[in-house]
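One-letter residues, chain by chain:
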Amino acid sequence: MSKYRLTGRARQAAGIILIAIMLWVIIYAPTPLVIYEPGLTVDTKQLVQLSGQRDSPEDEEEGAFLLTTIKLTDAKYWQVIQAAWKQDFAVYSKESVMKGQSEQEYLKIMKLDMTASQNFAMEAAYRYAGISYATYTELMVGNIYGESKDIQIGDRIIEAEGKTVNDMVQFTSAVADKKEGDTVALILQRGDQKISAAVPYHLLAGNLTVALVAPVPDGISLGELNFVKPQEPVNGIEIKAGDIGGPSAGLMFALQSINLLTGQDLTEGLRIAGTGTLDSLGNVGAIGGITFKVAAADKAGAQLFLAPEANFAEASAKAKELQSEMKVIPVTSLDTAVSAIHDAAVRINK
């Protein structure tokens, strides 16, 4: 009897250990997957301010411009299982999202995209408001393909071979006599630090022959980042996006900037969510993951949702699926967005 009792206890212990292992795997084990779901919806008044204004301004707007986001997190196996029935919860491979980059590198790229988005938004707003401004460029490390220990994504290149560089023309001139097998002496700005780096020429050479909008196939991808400065400091705009990254907040940043620059209330009393990239001329571009943003906006009680025209069908279908009372409006530019808001306000306030 003792033999059988010991065997039974052993089996029971093994079963408990197996269950514990399975639970650990389901709840805690890392996976090669990520989860997309609706993220925060943020009033742009909290993010966009006139220069020197450290506290939130008095709320003179009856409505609000709402920036919409997507939440991206590492997936656990229990979340993957949950995604089979949970609405607005999607699973993707890390490789398909991050394209081989580490999480840290991916976040740095998203920060660079956000910085570019902010400056395009400010320039478009200055153009719309008729405010004089100037632009200047900085040369940034936009991506790294392969190993490079001395240089990081987001570094600003301020010197190459002892020459000051702010754009690709200056950089190309500085390294004109370099060839395969040479190294390039760089001075980098990384936060508050200046760092010296010696980088093999072949890792930088692709930038000299490939358009900046195309990826450098092997090496370090450089890109010009444009910054905007108004002629009158009183018209300076500060955008503090915190941990929000990516290029898709441009439209909403620009609309809030126009409110501050002109003293108007473009919201016309409405809660207006939206998304879309924006170039310096005010043209609105398509974004990814718009259904998650529509869901976030609906949950936040938005009355209108401004969608890039290329995303309109998908956004409108999502609003119908949610049985939302929110009106989805297609926009192609900053001008059409302002006109669409006015037209919607007239209809709603009748």
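Below: a short report on this structure. Just so it is clear, the model here is predicted, and its values are computed rather than measured.

## Let's talk about unusual backbone geometry
Then, in step 1: At Glu 161, a residue that is not glycine, the phi angle is positive and equals roughly 50°.
Then, in step 2: Of note, Glu 161 is situated in the loop between strand S6 (156-160) and strand S7 (163-164).
Then, in step 3: The residue Gln 323 is not glycine, and still its phi comes out positive at about 55°.
Then, in step 4: Of note, Gln 323 is situated in the loop between helix H9 (312-321) and strand S16 (327-331).

## Re the pattern of salt bridges
Then, in step 1: Per the stated rule, a full pass over the model turns up ten salt bridges.
Then, in step 2: The shortest N-O distance in the salt bridge between Lys 94 and Asp 74 comes to 3.4 Å. With a gap of 20 residues between them, Lys 94 in helix H3 (residues 94-98) and Asp 74 in strand S3 (residues 64-74) connect regions that are remote in the sequence.
Then, in step 3: Since its relative accessible area comes to 26%, Lys 94 is described here as partly exposed.
Then, in step 4: The exposure class assigned to Asp 74 is partly exposed, which follows from its relative accessible area of 31%.

## So, the packing of aromatic side chains
Then, in step 1: Overall, the coordinates contain four aromatic pairs when judged by the stated rule.
Then, in step 2: Here the aromatic rings of Tyr 136 and Phe 227 are separated by 5.4 Å at their centres, their planes lie at 15°, and the arrangement is stacked. Of the two residues, Tyr 136 is situated in strand S5 (residues 133-145) and Phe 227 in strand S10 (residues 219-230); the sequence distance between them amounts to 91 residues.
Then, in step 3: For Phe 227, a relative accessible area of 16% puts it in the buried group.

## Focus: the nonpolar core
Then, in step 1: One finds Leu 251, Phe 253, Leu 255 and Leu 306 to be the most contacted residues of the largest nonpolar core, which totals 41 residues.
Then, in step 2: Contributions of two or more residues to this core are made by S3, helix H4 (103-129), strand S11 (237-239), helix H7 (250-262), strand S15 (304-308), S16 and helix H10 (334-348).
Then, in step 3: Among residues more than four places away in sequence, those in contact with Leu 251 are Thr 275, Gly 276, Leu 278, Val 284, Leu 306, Val 331, Leu 334 and Ala 337.
Then, in step 4: By size, the runner-up hydrophobic cluster in this structure holds 37 residues, among which are Ile 109, Ile 151, Ile 157 and Val 199.

## Thoughts on the sheet that holds S16
Then, in step 1: An order of S4-S1-S3-S12-S15-S16 is seen for the six strands of this open sheet, with the pairing classed as mixed. Looking at strand neighbours, the two that pair on one side only are strand S4 (90-93) and S16, the edges of this open sheet. Adjacent strand axes in the sheet meet at a mean angle of 35°, parallel and antiparallel pairs treated alike.
Then, in step 2: Packed on one face of the sheet, helix H8 (residues 290-299) meets strand S1 (33-43), S3, S4, strand S12 (271-274) and S15 and runs near 45° to S1.

## Topic: the packing of H7 against H10
Then, in step 1: For the pair H7 and H10, the least separation of the axes is 11 Å and the interaxial angle reads 70°. Judged on the interaxial angle alone, H10 and H7 are roughly perpendicular. In this structure, the crossing between H7 and H10 has a hand that is right-handed. For the pair H7 and H10, contact is made by Leu 251, Ala 254, Leu 255 and Ile 258 and by Leu 334, Ala 337, Val 338 and Ile 341, respectively.

## Observations concerning H4
Then, in step 1: Compared with an ideal rise of 1.5 Å per residue, which puts 27 residues at 39 Å, H4 spans 39 Å between its outermost C-alpha atoms and is within 8% of the ideal.
Then, in step 2: In the stretch just after H4, Gly 130 is the one whose phi turns positive, near 70°.

## A look at the environment of Gln 87
Then, in step 1: Counting through the fold element by element, Gln 87 comes out in the loop between helix H2 (77-82) and S4.
Then, in step 2: Owing to a relative accessible area of 47%, Gln 87 belongs among the partly exposed residues under this scheme.
Then, in step 3: In this structure Gln 87 touches Lys 318, Glu 321 and Leu 322, once residues within four positions along its chain are discounted.
Then, in step 4: Engagement of the side chain of Gln 87 in a polar contact is seen with the side chain of Glu 321, the distance being 3.2 Å.

## Regarding the side chain of Asn 235
Then, in step 1: One can find Asn 235 in the loop between S10 and S11.
Then, in step 2: In this structure Asn 235 touches Tyr 126, Ile 131, Pro 230 and Leu 261, once residues within four positions along its chain are discounted.

How each quantity is defined
Residues numbered from 1 in each chain as written. Predicted model: local features only at pLDDT ≥ 70, side-chain atom pairs only at ≥ 80, totals over all residues. Heavy atoms only, no water. Helix = DSSP H or I, 4+ residues; strand = E, 2+ residues; numbered from the N terminus. Salt bridge = Lys/Arg side-chain N within 4 Å of Asp/Glu carboxyl O. Buried < 20%, exposed > 50% of the residue type's maximum accessible area, 1.4 Å probe, protein only. Phe/Tyr/Trp six-rings, centres within 6.5 Å; stacked < 30°, edge-to-face > 60°. Core = buried A, V, L, I, M, F, W, Y, C linked by side-chain atoms within 4.5 Å. Contact = heavy atoms within 4.5 Å. Pairing = 2+ DSSP bridges. Axes fitted to C-alpha atoms, helices over the stretch in contact; angles between N-to-C directions. Parallel < 35°, antiparallel > 145°, perpendicular 65-115°, else oblique. Left-handed = near helix turned anticlockwise from the far one by under 90°. Expected span 1.5 Å × (residues − 1). Polar contact = N/O pair within 3.5 Å; in protein donor to acceptor, adjacent residues only side chain to side chain.

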